[in-house]
Amino acid sequence: MALPARPPSHDYESAEMVGEVNKDEWLQSQFSHFSPQATTMEAYLRRWMKDALVKHQYESAIYVGDKLLAITNSDSDAFNLAHAHFDAGNYPRALAFLARADLTHRSPAAKYLAAHCYVQQGRHEDALALLGDRNPTHLITTTDSARRKLQHLHATNGASKSHSSKARGTAGRLDRADRSEERDLGRREDLKYEAGMCYLRGLCHAKQNAFDRAKECYKDAVRIDVQCFEAFDQLMKNSLMSPGEEWAFVDSLDFESIQVPPPQSTSSDEERHPLGEGRPTATTTTTPSSSAEAADFTRNLYLTRLSKYSRPEEFTTAIETLSTHYSLSSNPDILLARAELLSTLSQPSRALALTTRILSLDPYNFPTIPLHISLLYQANHTTALFALAHDLAQSHPQSPTTWLAVGTYYLLTSRIPEARSYFSKSSLLDPQFGPAWIGFAHTFAAEGESDQAIAAYSTAARLFQGTHLPQMFLGMQELALENLVVAREYLTAAWGVCERDPVLVNEMGVCCFKEGEFGKARRGFELGLRILEEEEDGGEVGEGEEGGVGGVGGGGGGAVSTTKAPDTHTPTLRLNLAHALRKLGLFRESLQQFDEVIRLGSLSSQHSSHTFSNPPTTSTTSSSTTNSDLPPLFTAKGLVHLELEEYFEATLAFHAALAISPQDPLASELLGRALGELEGYGVLGREEEEGVDEGLRRRLEGVRGQQRGRRGVGRRRRGRGVDGGEGMDLDGAVAVAVAGPADAGS
C-alpha cells in the first residue's frame, strides 16, 4: 500500500521536525479540494458535495460532506462542511466543525469563517475576542513593498510560540522559497482573509457605535487587499470620510498589487462552470499589461463611488472610460453614479430620469432606491412615491428602505405623525441608516420642534460624516432659533464639505443678512445664482442617460413623468438678493429682482431655502407653489416703491398682496401710508394731470360745437315741413347720439 503524499493532521509536528514539510505547505495541502492522490470515492463525494452547493441544495451538501469527513477525517473536509453549514445558516454547527483540530488558530480562512459566524449571530463581543482589537497594519502593501510584506506574512503567519525558534532557523530557506510564483499566490490568499477579518472588526465596532474605529478597520482592510470591496462599500455608503479624505485614500491604495491569474485548462469535468461554460484553455502566463489594465479598471470603478463634490473632471473621465471601453454605459451602478452627480449639480429632473431607468430594469436595486425616493419627494410625485412604497411594503417588509419610502410618502402628504412613526421603524431596523434619521428629524422640524430636530440631525451628522446635509440642516434650525453664531459654525462646517450647493450658499447668505452684513449676503446670493447658471450650461455628464425612461419605479405601477420640474432655487435666491439690495439702498436693482421672481412664478420653500419675508421654514415642506408665498413678495415690492416715493406703484403692489390675502396686516398698514401720501396729488402727477385736463377740455368744446351745428340743421328741416314725423324722430335720435358723449364728459 502506498504511503500518503501528505502527513495526516495529527502527524504535523513530526513531519516538520524531520524537515519534510513546513507548516504553510501542510495547511495548503490540508485545504486542497482535489488532490491527485485522493481515492476514487473521496473524489466522487467531493464532486457530489460541490454540485449540491452550486445548486444551493445545502442539506444534500451537508449530508454528503458528513460522510466524506467520516472517511477522511481531514481538516480540509471539516472546513468544507463548516462552510456548507454557514451557507445553510447553521452558524453554531459551523463553529463546532471549525473547532475541530483548532483550525481557527491555524488558518486565516477558518478564523475568518468562525468570526463571520459570530457576526451573523449578533455575537459581536465574541467575534472581537476571536479577531482581536488590533489590525495587522504591517501587512499594508505599497507598490515598492508588496513582495516584502508577502514574505513577512509567510514568515510570521500562524507560527506558534513553541516553534518560534525553529521558524527563525529556517527563515533563510523560507525567504528563498518565497520568491516562487505559487508561494506568492498562496500568501495573497492569506492577505485576503486578513483583510476580510479587518472588515469584520469594522462591522463589530459599528454595531457598538464606535464609528471612528470602524472607519479605520475598513480603511485598513482595503489597504491590505484593494479588492476588499465590502469594506470600501461601507466607507462610501455611510459617508464616513470627507470628500478630500476619500480622494486621498483612493490615491494611497496600491492598485498595482492586483494580479490577473493565468487562465486554466478545462480538460476535467470539475473545472467546468455549472452552466456548461468552461474556462478557456491557455498555456501563456500572465502579462504585465493584463494586470495593469485590471488595476486601472478597478481604480475607475472605485472612483465612481467617491463623493461628487470634488474633482468632477476625474470622475467624468472614469465614467467615460468604463462606458466606452467596457460597454458599461447601461450598468445600474454607472447610471447611479451619473444620477448622484446630477443630483449634486441641482438637476433633480434629469437625475430622476436616470433612477427611474435603473428601477425599470431592476425594480429592487436598493442602492438606488433612497436617492429615487428623495428625487420623487423633490418633484412632488405623490402617486409614484405611493406605488413604490406600497410595492416595497409587500415584497421587502424587513428592509429599512421600505419604511423610508412609506415615511417619505406621509411626509409629502403632510401627515407628520405617521411619517415620524415609519422613519422611526426604519431606524430601528438599521440604526446606521442615515436617511431614516434625517427624515425623522424633518418631522420635528415641520412641527417647529427645534430641540428634537437638532438631536436627530446630530445623530445623522455622526453617521454621515462625509456629507454636508446634516450640518446644513443643523445650521438652518439654529437660524430659525436666531442662534446666529452656532448657525454660522454649522454652515461653515458644511461649506468645508461642499462648496457648490446653492441651498447651502443661500443659507449662508441668510445668516449674513441676519447679522447685518448685507454686502456679504449679496455676494453669497449672487454666488448661488452663478452656480445654478454654470450647472445649467455645463451639467452634461454623458450621453444617453435619459433614454428608456418612463418605467415603473420599484415595480409599483407608478409611472414617473419626465417633464422638467420647476426650478425652485433660482426664485428663492433672487428674492433674497432683492431684499439684500433693498437693505443696501439699491432700490432699482432690487425692483428688477422682484419683477424677475414674479416672472419665474415658482417660488418655493423646497430644501429649507429661507426667505426674509417669511419665517424660516424646513425642508419638510412641499415643493408646490402656494398663494401664501406671494403676498409677502408684493408687500416687499411695494415697500421699495415707497422708498422711491412712487406711491401709485406702491398702492398697486399692496392691492395685489391684499387681493390674495385680505387680512394681511402689514400690507394693510403700508397701503394706508401710500394712500395718505397720494392725498392732494393726482394719480399721474400734477404736471401730467394738467396736460391731460387741457386736452379733455379742448375735445369737449369740439364735441359741443358739433352738437350745436347738428341741432340747427334739424330746425331748418322742420320749418320746411319735409317728413315732419320722421324728422322729429331723426332729430331725437341724433340728439341722443350726440348728447351721450357730451353728457358723459361733463
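Here the structure is a predicted model, which is why all the values come from computation and not from measurement.

(A) Main features of the environment of Tyr326. Position of Tyr326 among the secondary structure elements: in the loop between α17 (312-325) and α18 (332-344). Relative accessible area serves as the criterion here: at 26%, Tyr326 is assigned to the partly exposed category. Sequence-wise, Tyr326 and Phe297 are 29 residues apart; in three dimensions their C-alpha atoms are separated by 9.1 Å.

(B) Local environment of helix α19 (residues 348-361). Along its 14 residues, α19 runs 20 Å from first to last C-alpha, staying within 8% of the 20 Å computed at 1.5 Å per residue. All of the buried residues in α19 are Ser349, Arg350, Ala351, Leu352, Ala353, Leu354, Thr355, Thr356, Arg357, Ile358 and Leu359.

(C) Quick peek at empty space enclosed by the protein. With the rule as written, the count across this model stands at one cavity of 30 Å³ or more. The calculated volume of the largest cavity comes to roughly 40 Å³. Residue composition of the lining of the largest cavity, grouped by class: five nonpolar, two polar and no charged.

(D) Molecular detail of the packing of helix α33 (residues 647-660) against helix α34 (residues 665-678). Put simply, α33 and α34 touch, their axes get as near as 9 Å, and they point 150° apart. By the angle between their axes, α33 is roughly antiparallel relative to α34. For the pair α33 and α34, the sense of crossing is left-handed. The residues of α34 that touch α33, namely those facing Tyr647, Phe648, Ala650, Thr651, Phe654, His655, Ala657 and Leu658, are Ala667, Ser668, Leu670, Leu671, Ala674, Leu675, Glu677 and Leu678.

(E) A look at the side chain of Thr570. Structurally, Thr570 is set in helix α30 (residues 569-583). Excluding residues that lie within four positions of it along the chain, Thr570 makes contacts with Leu529, Leu532 and Leu600.

(F) Structural context of the packing of aromatic side chains. Under the counting rule described, the total for this entry stands at 17 aromatic pairs. Between Trp437 and Phe440, the ring centres sit 6.2 Å apart and the planes meet at 90°, which makes this aromatic pair edge-to-face. Pair noted here: Trp437 and Phe440 are both in helix α24 (residues 434-446), with a separation of three residues, about one helical turn. Using a relative accessible area of 18% as the deciding quantity, one classes Phe440 as buried.

Rules behind the numbers
- Residues numbered from 1 in each chain as written.
- Predicted model: local features only at pLDDT ≥ 70, side-chain atom pairs only at ≥ 80, totals over all residues.
- Heavy atoms only, no water.
- Helix = DSSP H or I, 4+ residues; strand = E, 2+ residues; numbered from the N terminus.
- Buried < 20%, exposed > 50% of the residue type's maximum accessible area, 1.4 Å probe, protein only.
- Expected span 1.5 Å × (residues − 1).
- 1 Å grid on protein atoms, 1.4 Å probe; cavity = no way out; pocket = protein on both sides within 12 Å on 5 of 7 lines; lining within 4 Å.
- Points joined across faces, edges and corners; volume = space filled by probe spheres on them.
- Nonpolar A, V, L, I, M, F, W, Y, C, P; charged D, E, K, R; others polar.
- Axes fitted to C-alpha atoms, helices over the stretch in contact; angles between N-to-C directions.
- Parallel < 35°, antiparallel > 145°, perpendicular 65-115°, else oblique.
- Left-handed = near helix turned anticlockwise from the far one by under 90°.
- Contact = heavy atoms within 4.5 Å.
- Phe/Tyr/Trp six-rings, centres within 6.5 Å; stacked < 30°, edge-to-face > 60°.

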